Amino acid sequence: MARKTTIEVFDDLDGSKDATTVKFSLDGKQYEIDLNGKNEKQLRAALEKYVAAATPVRASASAIVAGRVKSKGTLLRRDTKHIRAWLRDQGVEISDRGRISTDLMQRYESAHSG
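Remember, it's a predicted structure, so these values are computed and weren't measured experimentally.

(A) Quick look at helix 1 (residues 37–53). When the terminal C-alpha atoms of helix 1 are compared, their 24 Å separation across 17 residues agrees well with the 24 Å that a helix rising 1.5 Å per residue should span. For helix 1, the principal kink sits at Leu 47 and spans about 45 degrees. Between the side-chain oxygen of the N-cap and the backbone nitrogen of Lys 38 there are 3.1 Å, and the N-cap of helix 1 in question is Asn 36.

(B) Summary view of the side chain of Asn 39. Positionally, Asn 39 belongs in helix 1. Under the relative-accessibility criterion, Asn 39 is labelled buried at 10%. If near-sequence neighbours (up to four positions away) are discounted, Asn 39 is found in contact with Asp 11, Leu 13 and Asp 14.

(C) Structural detail: the side chain of Asp 11. Following the sequence through the fold, Asp 11 ends up in the segment before strand 1 (20–26). Buried charged residue Asp 11 carries no salt bridge. Nearest counter-charge: Lys 38, at 8.8 Å. Among the polar contacts made by the side chain of Asp 11, one reaches the main-chain amide nitrogen of Leu 13 at a distance of 2.6 Å. A polar contact of 3.0 Å, which involves the side chain of Asp 11, links it to the backbone nitrogen of Asp 14. Look past the residues within four positions of Asp 11 in its chain and what remains in contact with it is Ser 16, Ala 19, Asp 34, Leu 35, Asn 36 and Asn 39.

(D) A look at helix 3 (residues 80–89). For helix 3, the set of buried residues is Ile 83, Arg 84, Trp 86 and Leu 87. Along the axis of helix 3, the buried positions cluster into a sector of 160 degrees, meaning they face one direction only. Gly 91 sits one or two residues past helix 3 and shows a positive phi near 90 degrees.

(E) Representation of the pattern of salt bridges. For the structure shown, the criterion picks out 6 salt bridges. With its nearest N and O atoms 3.4 Å apart, the salt bridge here joins Lys 17 to Glu 8. Taking the shortest distance from any N to any O, the salt bridge between Lys 23 and Glu 32 comes out at 3.7 Å. Lys 23 gets classed as exposed once you look at its relative accessible area, which sits at 58%. What you see here is one network of salt bridges that share partners, running through Glu 40, Arg 44, Asp 79 and Lys 81.

Analysis parameters
Residues numbered from 1 in each chain as written. Predicted model: local features only at pLDDT ≥ 70, side-chain atom pairs only at ≥ 80, totals over all residues. Heavy atoms only, no water. Helix = DSSP H or I, 4+ residues; strand = E, 2+ residues; numbered from the N terminus. Expected span 1.5 Å × (residues − 1). Bend = angle between axes of the 7 residues up to and from the residue. Polar contact = N/O pair within 3.5 Å; in protein donor to acceptor, adjacent residues only side chain to side chain. Buried < 20%, exposed > 50% of the residue type's maximum accessible area, 1.4 Å probe, protein only. Contact = heavy atoms within 4.5 Å. Lys, Arg positive; Asp, Glu negative; His and termini not counted. Salt bridge = Lys/Arg side-chain N within 4 Å of Asp/Glu carboxyl O. Arc of directions from axis to C-beta.

This is the structure we're talking about:
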């Protein structure tokens, strides 16, 4: 017997379909919220000036123990959706799926590092 399971993710603010999970932390607490594209852009825009002025911190010991950190201290899991959107804003043609080249990742990281 064949079986197909479909998972739909709805926006936590307005209940609309096609939301994605956005993770963030504040005051040492981790949060997740499911947002559609419009609401995700609003959240990122609201945080943009604070993120730009903030000092990045290294991954916590628990992240290192969980194996989510490379030896250079960079997180293995990155918000590729946000990176692809930023690259498109910079005029780069990039697909919605697949690996992001090292050159493009370095371009993004250079633009977003202190």
